[in-house]
Amino acid sequence: MKMTMKDPKISALLIVFNEEKNIEEALKSVEFADEIIVLDSFSTDKTIEIIKSKFPRVKLYQNKFEDFTKQRNMCISYAKNDWILFLDADERITSELKTEILKEIKKPVTQTAYFFKRKFFFMGEKVNYSGTQNDKNIRLFKKEVAHYDENKRVHEGLSNVDNPGTLQNYLLHFSFDSYEAYHKKVLHYSHLKARDLYEKRIQYKKMKQLSKSAFNFFKMYFLKLGVLDGRKGFILSYLSALSSFKTYEFLKEEYA
């Protein structure tokens, strides 16, 4: 009897909180997946209503948010397929990237994980520099390596991936439609990073707070060419500096 190979199947995963502006377009962009799972942190806007009314095949779960790593690992635990496609609510899979994904996972030999290059949009406009020209994240990986490093609460990464591949088509990243939204995220992430530093017994030092903040601005605005992005580049560089400053400010509070 001739054996036939089954096509590999994909579980598309999203962790969300109050994403009524993004959730519909994000879910539409992963409708090609064999399974779609959303783990919500008890949204208070219309996120859940939109999912239930417009995407009946989505498997919806809820869990109180502690940190990104725990939330991602929990979401993975619900997936049943061999391939995991993780998407943030402000990201979109293009038709070209979809085609490349489906072609790649059907190859006889594949990597266990893949970077997606991202095109970054801020306040509705594409950002070409400010460090975004090299922006990429692992978004597609085999379930066998699907575990995020529990030592990181933010900027989490897979803990056991070697030599990931890189897909050629871009993932669209519609980061923030306003300064206020980005500022809010900076503060949230800074809290989490400060907690990580505190648990590693990193001491608060004023000079380190100031020097890291100044260097982050310099690096993004000049070394990573944020100056070529005009006003957007200046804002992003300032927020990068603010992230460092607030991380150490919150770390100081941890020791208080």
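For the structure itself, consult the block above.
For the structure given in this document, a descriptive report is provided here. (Residues numbered from 1 in each chain as written. Predicted model: local features only at pLDDT ≥ 70, side-chain atom pairs only at ≥ 80, totals over all residues. Heavy atoms only, no water.)

Let us look at the environment of A26. Its place among the elements puts A26 in helix α1 (residues 23-29). Owing to a relative accessible area of 0%, A26 belongs among the buried residues under this scheme. It is 41 Å that separates the C-alpha atoms of A26 and K206, two residues lying 180 residues apart in sequence. In contact with A26, other than residues within four places in its own chain, are L14, L87, A89, E91 and R92. (Helix = DSSP H or I, 4+ residues; strand = E, 2+ residues; numbered from the N terminus. Buried < 20%, exposed > 50% of the residue type's maximum accessible area, 1.4 Å probe, protein only. Contact = heavy atoms within 4.5 Å.)

Even without a glycine there, the phi angle at F42 is positive, about 60°. For F42, the position within the fold is in the loop between β2 (35-40) and α2 (47-54). A residue is classified by how much of its surface remains accessible, and F42, at 43% relative accessible area, is partly exposed. Of note, the phi angle at R201 is positive, near 60°, even though the residue is not glycine. In this fold, R201 is placed in the loop between α5 (179-199) and α6 (206-223).

Another aspect to go through is the nonpolar core. One finds L27, L85, I93, I101, F116 and L140 to be the most contacted residues of the largest nonpolar core, which totals 29 residues. Going through the elements one at a time, β1 (10-16), α1, β2, α2, β4 (83-86), α4 (95-105) and β6 (113-122) are the ones with two or more residues in this core. Broken down by element, the residue count for this core peaks at four residues, all from β1. (Core = buried A, V, L, I, M, F, W, Y, C linked by side-chain atoms within 4.5 Å.)

This next bit is on the packing of aromatic side chains. Under the defined criterion, the tally for this structure stands at 15 aromatic pairs. For the ring pair F65 and F68, a centre distance of 5.0 Å and an interplane angle of 75° mean the geometry is edge-to-face. Counting every residue linked through ring pairs, the aromatic cluster contains F217, F218, Y221, F222 and F234. Positioned above the aromatic ring of Y170 is the side chain of K119, whose terminal nitrogen or guanidinium carbon lies 5.1 Å from the ring centre. A cation over an aromatic ring shows up here: K136 above the ring of F115, its NZ or CZ 4.6 Å from the ring centre. (Phe/Tyr/Trp six-rings, centres within 6.5 Å; stacked < 30°, edge-to-face > 60°. Lys NZ or Arg CZ within 6 Å of the ring centre and 35° of its normal.)

This next bit is on the pattern of salt bridges. By the definition in use, this model includes 17 salt bridges. One salt bridge in this structure joins E24 and K54, with 3.0 Å as the shortest N-O distance. In this pair, E24 sits in helix α1 while K54 sits in helix α2, placing the two residues 30 residues apart along the sequence. A residue is classified by how much of its surface remains accessible, and K54, at 47% relative accessible area, is partly exposed. The residue D135 makes a salt bridge to R118 at a minimum N-O spacing of 2.8 Å. (Salt bridge = Lys/Arg side-chain N within 4 Å of Asp/Glu carboxyl O.)

In terms of residue burial, β2 counts as a mostly covered element, since six of its six residues are buried. Because side chains alternate across β2, one face comprises the buried residues E35, I37 and L39, and the other comprises I36, V38 and D40, equally buried. As paired strands, β1 and β2 are joined by six bridges and run parallel to one another. Along β2, the bridge assignment pairs L13 with I37. Handedness of the crossover is the feature at issue here: the chain leaves β1, passes through α1, returns alongside β2, and the resulting connection is right-handed. As paired strands, β2 and strand β3 (residues 59-62) are joined by four bridges and run parallel to one another. Along β3, the bridge assignment pairs V38 with L60. Following the backbone out of β2, through α2 and into the adjacent parallel β3, one traces a crossover that is right-handed. (Pairing = 2+ DSSP bridges. Right-handed = clockwise from strand over helix to strand, strands pointing away.)

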